[in-house]
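# Inside the fold
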Amino acid sequence: MGKILIKDCTIVPISGPVIEEGAIAINDDRLHYVGPAGGLPAGWQADTVIEAEDMVALPGLVNSHTHAAMTLLRSYADDLPLKQWLEQKIWPREDRLEREDIYWGTKLALLEMIRSGTTTFADMYFHMDAVAGAVVEAGLRASLCQGLIGLQDTSDQRLEAGIALVKEWHGAGEGRITTMLGPHAPNTCTPGYLIRVAETAAGLGVGLHIHLAETRGEVADVKGRYGATPVVLVNKLGLLDLPVLAAHCVHLTTEEITILAEKKVGVAHCPESNLKLASGVAPVKEMLAAGVNVAIGTDGAASNNNLDMVAETRTAALLAKGITGDPTVVPAHQALVMATLNGARALGLEKEIGTLEAGKKADLILVDMRQPHLMPPNDVEAHLVYAARGSDVDTVIVNGKILMAGGEVKTLDAEEIYAQVTKRMQKG
Ligand SMILES: [Zn+2]
């Protein structure tokens, strides 16, 4: 930490117009100044100066829904229907994953995220203490929850693990870690269990992270069993009175879109996972028009198959246009808002991150624009959404600490991670 000055960069603050020839001053973990170079407070001296003449600074990307350690299952099973993919391939292999496997799989995910400009992510998995430990080491920010399946005889045990995660890890890593409870989905938890989880979350003062309305099968299943569609059901059960991060929200009625807006639910739109598993296409245009907070997530690397939020943001923008036949839907600036501020809001962190403004936490990335596919510099926001790649990210700063500079990650050993994940998946 200390004082960092980023000089001569173009700034995409998200909270306002693009600033040319800007400067960013960081004091320990917070942004001290963001604006034109000439406005830098007189006499302010940096310990570290980053010359960023060909760089664009923007808030770190927020991956609002993933299962980080599923990097282990990247390209392990593909091109199958969701039910067969899960029941015959993914779940049996996940059952054999041990705590140390989760730790190394998460580290691989964190390396990939830093390299492609993600500074914050929301994660749902198991052995979450191993995930939390890896996050503290790597320096990212994360909202973590234990996935809770409420149909099995392990459901009590899982809830206990979820509670322990909240009690032991909320606020860890200089406040970089926050927690939620993670009821998996309305068709993998009974209504009684969902109510119990919600009451527990309220008692702990945390929100919920849940999969909602991902597939037609889930909607039919929930409707058949409980006589209501997924969003209506969880609203009736009282879940939406808490802060809720809902992944997918692909198959929604007009009534459900209204509920999501009124209850201020954060929706984690995961376009590539939904496309790959042929789950459908979320009604992003309709949700945005109704005032729903739509963020972007990659979902796990087994159904994507990467954690590149730059690519995901591009897919979100293109898909919304293609499916509606309307090229004005999700313009570049809005896509960037979804990938940053809306993600921060969905995680309950909008007061601290999501925009570049003095006083907020110093979570930002620098993208190297001196590349053939990012020239000439006509429109920087359009470049970031329609032409950039995750690998164009040069520098990553989280909580005022430089995690990557010149494309080199400082907090993780890539070769050690590659060796560990290769060994762990070879043992079968
Ligand atoms: Zn998921």
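Keep in mind that this is a model prediction, so the values were computed, not measured. (Residues numbered from 1 in each chain as written. Predicted model: local features only at pLDDT ≥ 70, side-chain atom pairs only at ≥ 80, totals over all residues.)

Our next topic: the domain arrangement of the chain. The figure often quoted for interface size is the accessible area lost as the parts come together. Per the domain assignment, the segments of the chain are domain 1 (3-59 + 362-409) and domain 2 (61-346). Measuring from the centre of the C-alpha atoms in domain 1 to the corresponding centre in domain 2 gives 29 Å. Residue assignment for the side of domain 1 that touches domain 2 shows that the elements contributing at least two residues are helix 14 (380-387), strand 15 (393-398) and strand 16 (401-405). Taken together, the residues that form the side of domain 1 that touches domain 2 break down as 15 nonpolar, three polar and five charged. (Domains from an automatic or database assignment. Helix = DSSP H or I, 4+ residues; strand = E, 2+ residues; numbered from the N terminus. Nonpolar A, V, L, I, M, F, W, Y, C, P; charged D, E, K, R; others polar.)

The geometry of helix 4 (residues 155-169) relative to helix 5 (residues 191-204) is characterised by a closest axis approach of 11 Å and an angle of 20 degrees between their N-to-C directions. Taken together, the axes of helix 4 and helix 5 are roughly parallel relative to one another. For the pair helix 4 and helix 5, the crossing hand works out as right-handed. Across the interface between the two elements, S155, L159, I163 and V166 from helix 4 touch Y193, V197, T200 and L204 from helix 5. Of the residues that constitute the contact of helix 4 with helix 5, the class distribution is six nonpolar, two polar and no charged. (Axes fitted to C-alpha atoms, helices over the stretch in contact; angles between N-to-C directions. Parallel < 35°, antiparallel > 145°, perpendicular 65-115°, else oblique. Left-handed = near helix turned anticlockwise from the far one by under 90°. Contact = placed C-beta atoms within 7 Å.)

On to the packing of helix 12 (residues 332-339) against helix 14, then. The geometry of helix 12 relative to helix 14 is characterised by a closest axis approach of 8 Å and an angle of 70 degrees between their N-to-C directions. Our classification of the angle between helix 12 and helix 14 gives roughly perpendicular. The hand of the helix 12/helix 14 crossing is left-handed. Along its contact with helix 12, which presents A332, H333, A335 and L336, the element helix 14 presents E381, A382, L384, V385 and Y386. In the contact of helix 12 with helix 14, the residues fall into seven nonpolar, one polar and one charged.

The eight strands lie next to each other as 6-7-8-9-10-11-12-13, forming an open sheet whose pairing is parallel. Strands with a single pairing partner mark the edges of an open sheet, and in this sheet they are strand 6 (61-66) and strand 13 (293-296). Strand-to-strand, the axes of this sheet are offset by a mean angle of 25 degrees, without reference to chain direction. By the bridge criterion, four bridges tie strand 12 (residues 266-269) to strand 13 in an arrangement that is parallel. Across the sheet, the residue bridging to G266 is N293, located in strand 13. Against the sheet, helix 5 makes contact with strand 8 (141-148), strand 9 (177-183) and strand 10 (207-212), and its axis sits at roughly 160 degrees relative to strand 9, the strand it touches most. In this fold helix 11 (residues 309-324) packs onto strand 6, strand 7 (118-125), strand 12 and strand 13, with an angle of close to 135 degrees to the strand it touches most, strand 13. (Pairing = 2+ DSSP bridges.)

Attention shifts here to the UniProt feature "binding site: substrate" (unreviewed entry) in the chain. What UniProt calls "binding site: substrate" (unreviewed entry) maps, in this numbering, to E94, H184, E214 and D299. Within the element layout of this structure, E94 appears in helix 1 (residues 82-95). Take E94: there are 19 C-beta atoms within 10 Å of it, and that puts it in the partly exposed class. As for its placement among the helices and strands, H184 is situated in the loop between strand 9 and helix 5. Sequence-distant contacts of H184, defined by excluding residues within four places in its chain, comprise G147, L148, I149, C189 and H211. (UniProt positions renumbered as here; feature names shortened; annotations may be inferred. Buried ≥ 20, exposed ≤ 12 C-beta atoms within 10 Å, placed from the backbone.)

On the UniProt side, "binding site: Zn(2+)" (unreviewed entry) is annotated at positions that read H65, H67, H211 and D299 here. In three dimensions, the annotated residues from a span of 235 residues occupy one location, with a maximal C-alpha spread of 11.9 Å. By the secondary structure assignment, H211 is in strand 10. Residues contacting H211, with those up to four places away along its chain left out, are H184, A185, A247 and H248. Note that D299 resides in the loop between strand 13 and helix 11. Residue contacts for D299: discarding those within four places in its chain leaves H65, T66, C270, S273 and N304.

Most of strand 8 is tucked away, with eight of its eight residues classed as buried. Read as a crossover between parallel neighbours, the route from strand 7 over helix 3 (residues 128-138) to strand 8 is right-handed. Two strands pair when backbone bridges link them, and strand 8 and strand 9 are joined in this way by five bridges, in the parallel orientation. When the sheet's bridge partners are listed, L144 is paired in strand 9 with T179. On the question of chirality, the crossover connecting strand 8 to the parallel strand 9 by way of helix 4 is right-handed. (Right-handed = clockwise from strand over helix to strand, strands pointing away.)

Across the junction of N304 and N305, the peptide omega takes the value 10 degrees, indicating a cis bond. You can see N305 is positioned in the loop between strand 13 and helix 11. In this chain, M375 is followed by P376 through a cis amide linkage whose omega measures -10 degrees. Turning to its location among the elements, P376 is positioned in the loop between strand 14 (364-368) and helix 14. Here the phi dihedral of E21 falls at roughly 45 degrees; this positive angle occurs in a residue that is not glycine.

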